[in-house]
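What follows is the residue order along each chain.
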Amino acid sequence: MAVWDDLVGQSRVEEQLAAAARDADALVTAHAAGEPEPEASKMTHAWLFTGPPGSGRATAARAFAAALQCVSPDRALGGAPGCGFCDGCHTTLVGTHADVEIVRTDLLSIGVKETRDLVRRAQLSPAGGRWQVIVLEDADRLTEGAGNVLLKAVEEPAPRTVWLLCAPSLEDVLPTIRSRCRHLTLRTPPVEAVADVLVRRDGIEPELAQAAARATQGHIDRARRLATDERARARRSVVLKLPLRVDDIGGCLKAAQELVDAAAEDAKQVAEEIDVKETEELKAALGAAQGGRMPRGTAGAMKELEERQKRRRTRTQRDSLDLALTDLTGFYRDVLALQLRSRAALANTDVRDAIERIAHDTTPERTLRRIEAVLACRKALDRNVAPLLAVEAMTMALRG
Ligand SMILES: [Zn+2]
């Protein structure tokens, strides 16, 4: 299985990356043989992958990183790098290759200090003699200061360093940085392609795969989660009942409270899974004595971890709410499609009755205003408005 097999519906991007990996390989081979480097090359040292959530930005970046590290003997016979099996490909894909750093964050932002560390790391020459690859999965979360630190590194890269940046859109990255990157755009994969991958790779029943792919409109990770996680399905069905519950003020307030509570519950669950282990590990590393007493001078480190965990809970809660808002938008988009007699297939066929009822009882103008209310809520959350306040304002605006 080649490294590109995890990319779904992105044949153009795949072609470009495969060509670059081939040229990158020619550069390394020429260099090792003491020959002059080939002049024309599709390889470059900074790449920017953009595309909507779920399109597979990070997957594409990781596949490219693997292809750059591919040491398959088939390459000498004209095979393309990125076999998926050799040591270089394999260790990159599982995250243990010495020359590949994959940075993903569960925090809201990436600061100057972390970025400085990365830049230092990027300057090392590759231990395996090929490329030093840094994959920054959330380049949109760099603070402005961090962006400027990164800019210097991208402007004057070490000869064998490759930066792979991922972000939802071009606007999410400093103009000075993006102008120095080769830009690749991933598209939302077609529903059929997502369903196909769920069946082929994850062994999910075709009918369930189809339903999950349709409900999530081409978002692969969410589709997989929906198809495999009972709890995710339950959560979604609660969210999709909300439009029928916002008839009066009491109903609106109650629905808002439930939505926010559910998101807080998600954050709490993640915290329980990760925080405890993390805290234990840090305590052990700092030399906690039997009975949990901490040595002098370690309070700062413990405090720092607590802060980090708190920021992560905020982020998880926000992501969970965001997911609910995405489902709601999808619901009203279906309502609008019916009202406008669009021929597009409904995404949420499992709640067709509710969609038909609301479509029949209201007007397209009303539906548009409701979609706007959901988007406004999302913007408010982005601006750090208190979640309950933002969600209440939304449910009130959705009222009959
Ligand atoms: Zn390989």
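Cut-off values and rules
Residues numbered from 1 in each chain as written. Predicted model: local features only at pLDDT ≥ 70, side-chain atom pairs only at ≥ 80, totals over all residues. Heavy atoms only, no water. UniProt positions renumbered as here; feature names shortened; annotations may be inferred. Buried < 20%, exposed > 50% of the residue type's maximum accessible area, 1.4 Å probe, protein only. Helix = DSSP H or I, 4+ residues; strand = E, 2+ residues; numbered from the N terminus. Pairing = 2+ DSSP bridges. Right-handed = clockwise from strand over helix to strand, strands pointing away. Contact = heavy atoms within 4.5 Å. Expected span 1.5 Å × (residues − 1). Patch = residues over 30% accessible without salt bridge, like charges linked within 9 Å, V, L, I, M, F, W, Y side chains within 5 Å. Areas by Shrake-Rupley, 256 points an atom, 1.4 Å probe, with all protein chains shown as cover. Salt bridge = Lys/Arg side-chain N within 4 Å of Asp/Glu carboxyl O. Lys, Arg positive; Asp, Glu negative; His and termini not counted. Charge placed at Lys NZ, Arg CZ, Asp CG, Glu CD. Donors = N, O, S within 2.8 Å, 3.2 Å for Na, K, Ca; no water. Tetrahedral: all angles 85-135°; square planar, octahedral: opposite > 155°, others 65-115°. 1 Å grid on protein atoms, 1.4 Å probe; cavity = no way out; pocket = protein on both sides within 12 Å on 5 of 7 lines; lining within 4 Å. Points joined across faces, edges and corners; volume = space filled by probe spheres on them. Nonpolar A, V, L, I, M, F, W, Y, C, P; charged D, E, K, R; others polar. Axes fitted to C-alpha atoms, helices over the stretch in contact; angles between N-to-C directions. Domains from an automatic or database assignment. Buried area = accessible area lost by both parts, 1.4 Å probe. Polar contact = N/O pair within 3.5 Å; in protein donor to acceptor, adjacent residues only side chain to side chain.

In the annotation of an unreviewed UniProt entry, the protein chain is listed under the name DNA polymerase III subunit delta' and assigned to Streptomyces nymphaeiformis. Of the protein chain, the UniProt comment under Catalytic activity (unreviewed entry) reads exactly: "DNA(n) + a 2'-deoxyribonucleoside 5'-triphosphate = DNA(n+1) + diphosphate".

Student: Outline the pairing of strand β3 (residues 132–136), supporting the account with residue identities and numerical values.
Tutor: With five of five residues buried, β3 lies mostly within the body of the structure. Neither face of β3 is left uncovered, since the one carrying Gln-132, Ile-134 and Leu-136 and the one carrying Val-133 and Val-135 both have all their residues buried. The sheet contact formed by strand β2 (residues 100–103) and β3 spans four bridges and is parallel. By the bridge assignment, Ile-102 is partnered in β3 with Val-135. For the handedness criterion, the β-α-β arrangement of β2, helix α4 (residues 112–122) and β3 is classed as right-handed. As paired strands, β3 and strand β4 (residues 161–167) are joined by five bridges and run parallel to one another.

Student: How would you explain the side chain of Ser-72 if you had to name every residue and give the values?
Tutor: Here Ser-72 shows up in the loop between α2 (57–68) and α3 (87–94). Ser-72 gets classed as buried once you look at its relative accessible area, which sits at 6%. Contacts of Ser-72, omitting those with residues within four sequence positions, involve Cys-83 and Cys-86.

Student: Tell me what's going on with α2, and back it up with residues and numbers.
Tutor: The terminal C-alpha atoms of α2, which comprises twelve residues, lie 17 Å apart, in line with the 16 Å expected from a rise of 1.5 Å per residue. Summarising burial for α2: ten of the twelve residues are buried, a large majority. Of the positions making up α2, those classed as buried are Arg-57, Ala-58, Ala-60, Ala-61, Ala-63, Phe-64, Ala-65, Ala-66, Ala-67 and Leu-68. Tucked inside the fold, the buried residues of α2 contact α1 (11–32), β1 (46–50), α3, β2, β3 and β4.

Student: Outline a negative patch on the surface, listing residues and values.
Tutor: A cluster of acidic side chains, namely Asp-261, Glu-265, Glu-272 and Glu-273, defines a negative patch on the protein surface. Tracing the backbone shows Asp-261 in helix α11 (residues 249–286).

Student: Give me the coordination of the zinc ion: which residues, what numbers.
Tutor: Coordination of the zinc ion by the protein is provided by Cys-70 (SG), Cys-83 (SG), Cys-86 (SG) and Cys-89 (SG), with metal-donor distances spanning 2.3 to 2.4 Å. Considering all four donor atoms around the zinc ion, angles at the metal cover 105 to 115 degrees and the coordination shape is tetrahedral. Each donor residue of the zinc ion lies on the same chain, and together they follow the pattern C-x12-C-x2-C-x2-C.

Student: Break down empty space enclosed by the protein for me, citing the residues and quoting the values.
Tutor: Summed over the entire model, instances satisfying the criterion amount to one cavity of 30 Å³ or more. Within this model, the largest cavity holds a volume of roughly 40 Å³. The set of elements that each furnish at least two residues to the lining of the largest cavity consists of α4 and β4. Grouping the amino acids of the lining of the largest cavity by side-chain chemistry returns six nonpolar, two polar and one charged.

Student: Outline the pattern of salt bridges, supporting the account with residue identities and numerical values.
Tutor: As enumerated under the stated definition, the model contains 28 salt bridges in all. In this structure, Arg-121 engages Glu-101 in a salt bridge whose closest nitrogen and oxygen atoms are separated by 2.2 Å. Of the two residues, Arg-121 sits in helix α4 while Glu-101 sits in strand β2, which places them 20 residues apart along the sequence. On the basis of relative accessibility, which here comes to 26%, the residue Glu-101 falls in the partly exposed class.

Student: Let's hear about the sheet that holds β3: which residues, and what values?
Tutor: Within the open sheet, the five strands sit side by side as β2-β3-β4-β1-β5. Their pairing is parallel. The strands lining the two open edges of the sheet, one partner per strand, are β2 and β5 (182–185). In this sheet, adjacent strand axes meet at a mean angle of 15 degrees when their direction is disregarded. Bridge analysis of β1 against β4 gives five bridges, and the strand direction is parallel. Counted as the bridge partner of Leu-48 is Leu-165 from β4. Each of β1 and β5 touches α1; the most contacted strand, β5, lies at about 145 degrees to it.

Student: Pulling in residues and values, what's your account of the UniProt feature "domain: DNA polymerase III delta subunit C-terminal" (unreviewed entry) in the protein chain?
Tutor: As annotated in UniProt, the feature "domain: DNA polymerase III delta subunit C-terminal" (unreviewed entry) corresponds to residues 328–384 in the numbering used here. What you have in residues 328–384 is 72% helix and 0% strand, and the ends, taken at the C-alpha atoms, are 20 Å apart.

Student: Could you give me a rundown of unusual backbone geometry, with the residues and numbers involved?
Tutor: Of all residues except glycine, most have a negative phi; of all peptide bonds, most are trans. Even without being a glycine, Arg-341 presents a positive backbone phi close to 50 degrees. Relative to the helices and strands, Arg-341 resides in the loop between α12 (299–339) and α13 (352–361). Residue classification places Arg-341 among the exposed residues on the basis of a relative accessible area of 72%.

Student: Please provide a residue-by-residue account of the domain arrangement of the protein chain, values included.
Tutor: Interfaces are often sized by the amount of accessible area the parts lose when they come together. If you check the domain split of the protein chain, you get domain 1 (3–185), domain 2 (189–228) and domain 3 (249–288 + 298–399). In this assembly, seven residues from domain 1 lie in contact with eight residues from domain 2. Together domain 1 and domain 2 conceal approximately 600 Å² of surface at their shared face, both sides included; 62% is due to carbon and sulfur atoms. The three residues of domain 1 that bury the most area against domain 2 are Asp-6, Val-8 and Gly-54, which together make up 68% of that side's buried surface. Our enumeration of links across domain 1 and domain 2 arrives at one salt bridge. Across the salt bridge formed by Asp-6 and Arg-201, the nearest N and O atoms sit 2.4 Å from each other. Here domain 1 and domain 2 share two residue pairs in polar contact (both at pLDDT 80 or more) between them. Taken together, the residues of the side of domain 1 that touches domain 2 break down into two nonpolar, three polar and two charged.

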